[in-house]
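Chain and residue survey
Chain by chain, the residues run as shown.
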Amino acid sequence: MHVSGLLTSLTTRTLTDCPASRHDGRPVHRSDPGRARGRAGHGGRSQRDLGTEWDGRGAGHDHYPEFPTAQCLLLLLVLLLQLLMFYHVSLTVRNEEERRRRRRRKRISQDTKMETIPNCEACTKPSVDEIRLWSQSFDKLMRNPAGRNVFREFLRTEYSEENMLFWLACEDLKQELNKGAIEEKARSIYEDYISILSPKEVSLDARVREVINRKMQDPTPHSFEDAQLQIYTLMHRDSYPRFLSSSIYKSLIHGGSRTSSES
């Protein structure tokens, strides 16, 4: 990153420009044979004891100017400011998704019930074997309509249900053949899940957003393919492991096991 290169440059300049100092704060003079002979000729007394010669500017010849010390302080201050800026940028990137979730949390009514998820896919009640298959791979979970409904229920508890809704909308778009319907559905998906003004905006990187903006000039059933894959990967890596250890999934496993044993 260019910030680290700048910090290295500033540090090098600081170490190069700053003169060495003694414990009393005065600069240490480099060894000078003439100066050493002068001290020896005066019986070991230092030039400071004998008095200092002054030039026309009123400064002693053996005294370094004060400017280098001020320059070092300025460079160190700049270095500190750069470090603070770098830390701020890193913290902003790490917390971007968490801030989005907090904002979404405030917009969702607290009395919303998980049991009444609208527009669930029609499906039959899953068997115990089907439920257990969901833990073998994320693909098996997503290929099963009942598995998608249960996983969507879990995502709603994490305020990330829009990821599943977006994925389902993309699947529906892929089945469309009518040109007018394709454009209408693509525009609806963009406004609902891609637009930064939407409360259901999904988390996509800049590259994918740029691809979508280009494809929206002439929408096709596969305009959101890159975005759909990115959201699928996000659910797989981030939400799926927590789903398997959630009370929602465990209750299905235990409930199905008890029903099976009773029968």
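Numbers given to residues run from 1 along each chain, matching the order in which its sequence is written. Given that this is a predicted model, residues contribute local features only at a pLDDT of at least 70 and side-chain atom pairs are listed and counted only at 80 or more, while totals for whole chains, interfaces and linings are drawn from all residues. Note: side-chain values were computed over all heavy atoms of the structure, leaving out hydrogens and water.

**Overview of the packing of helix α8 (residues 161-174) against helix α11 (residues 225-244)**
Here α8 crosses α11 at 140°, and the two axes come no closer than 10 Å. Between α8 and α11 the crossing geometry is left-handed. Where α8 approaches α11, its residues Asn163, Met164, Phe166, Trp167, Cys170, Glu171 and Lys174 are matched on the opposing element by Glu225, Ala227, Gln228, Ile231, Tyr232, Leu234 and Met235. Here the nonpolar group is Ala, Val, Leu, Ile, Met, Phe, Trp, Tyr, Cys and Pro; Asp, Glu, Lys and Arg are the charged ones; every other residue, Gly included, is treated as polar. For the contact of α8 with α11, the per-class residue count stands at nine nonpolar, two polar and three charged. Geometry is summarised by axes, namely lines fitted to C-alpha atoms with helices restricted to the contacting stretch, and by angles between N-to-C directions that run from 0 to 180 degrees. Comment: elements are numbered from the N terminus, with helices defined as DSSP H or I runs of at least four residues and strands as E runs of at least two. The handedness criterion is simple: a crossing whose near helix is rotated anticlockwise from the far helix by less than a right angle is left-handed, and one whose near helix is rotated clockwise is right-handed. Contacts are assigned to residue pairs with any non-hydrogen atoms lying within 4.5 Å of each other.

**A short note on the confidence of the model for the protein**
In predicted models, pLDDT denotes the confidence assigned by the predictor to each residue on a 0 to 100 scale. Averaged over every residue, the pLDDT of the protein is 76; residues scoring 70 or more account for 59%. Under a pLDDT of 50 for its full length, residues 20-25 has, in the predicted model, six contacts with residues more than four places off or in other chains. The low-confidence segment residues 27-36 (pLDDT under 50) makes 13 contacts with residues lying over four places distant or belonging to another chain.

**As for helix α9 (residues 179-194)**
Multiplying one less than the number of residues by 1.5 Å gives the expected span of a helix. Helix length check: α9 (16 residues) gives 21 Å between terminal C-alpha atoms against 22 Å at 1.5 Å per residue, within 8%. All of the buried residues along α9 are Ala181, Ile182, Ala186, Ile189, Tyr193 and Ile194. Down the axis of α9, the buried set is contained in an arc of 135°. They therefore lie on one face. Its side-chain oxygen 3.0 Å from the backbone nitrogen of Gly180, Asn178 forms the N-cap of α9. The classification of residues rests on relative accessible area computed with a 1.4 Å probe and restricted to protein chains. Under 20% of the type maximum is buried, over 50% is exposed, and intermediate values are partly exposed. As used here, the arc is the angular range of directions from the helix axis to the C-beta atoms. Here a polar contact is recorded for every N or O atom pair within 3.5 Å, except that within protein the pair must consist of a potential hydrogen donor and a potential acceptor, and residues adjacent in sequence are included only if both atoms are side-chain atoms.

**Structural notes on the packing of aromatic side chains**
By convention here, two paired aromatic rings are described through the distance between centres and the angle between planes. Aromatic rings from Phe, Tyr and Trp, taking only the six-membered ring of Trp, are treated as a pair when their centres fall within 6.5 Å; an angle between ring planes under 30 degrees marks them as stacked, one over 60 as edge-to-face, and anything in between as tilted. Enumeration according to the criterion identifies ten aromatic pairs in this entry. Relative to Phe154, the ring of Phe151 has its centre 6.4 Å away and its plane inclined at 25°; by these criteria the two rings are stacked. Here the residue Phe151 and the residue Phe154 both occupy positions in helix α7 (residues 145-157), the gap between them amounting to three residues, near one helical turn. The pair Phe151 / Phe154 is uniform in exposure class, with both members buried. The rings of Phe138, Phe151, Phe154, Trp167, Tyr232, Tyr240, Phe243 and Tyr249 are connected pair by pair, giving a single aromatic cluster.

**Points about the pattern of salt bridges**
We define a salt bridge as a side-chain nitrogen of Lys or Arg found within 4 Å of a carboxyl oxygen belonging to Asp or Glu. For the coordinates displayed, the defined rule picks out ten salt bridges. The residue Lys185 makes a salt bridge to Glu176 at a minimum N-O spacing of 3.0 Å. On the basis of relative accessible area, Lys185 is assigned to the partly exposed category, the value being 27%. The exposure class of Glu176 is buried, given its relative accessible area of 18%. For Arg242, the salt bridge is made with Asp238, and the minimal N-O distance between the two is 3.1 Å.

**Description of helix α10 (residues 206-215)**
An α-helical turn contains 3.6 residues, so any two residues separated by three or four positions project in the same direction. By the burial criterion, the buried members of α10 are Val208, Arg209, Val211 and Ile212. Buried positions in α10, seen along its axis, are confined to an arc of 160° and lie on one side of it. Counted as exposed and oriented over 90 degrees from the buried face of α10: Ala206 and Arg207.

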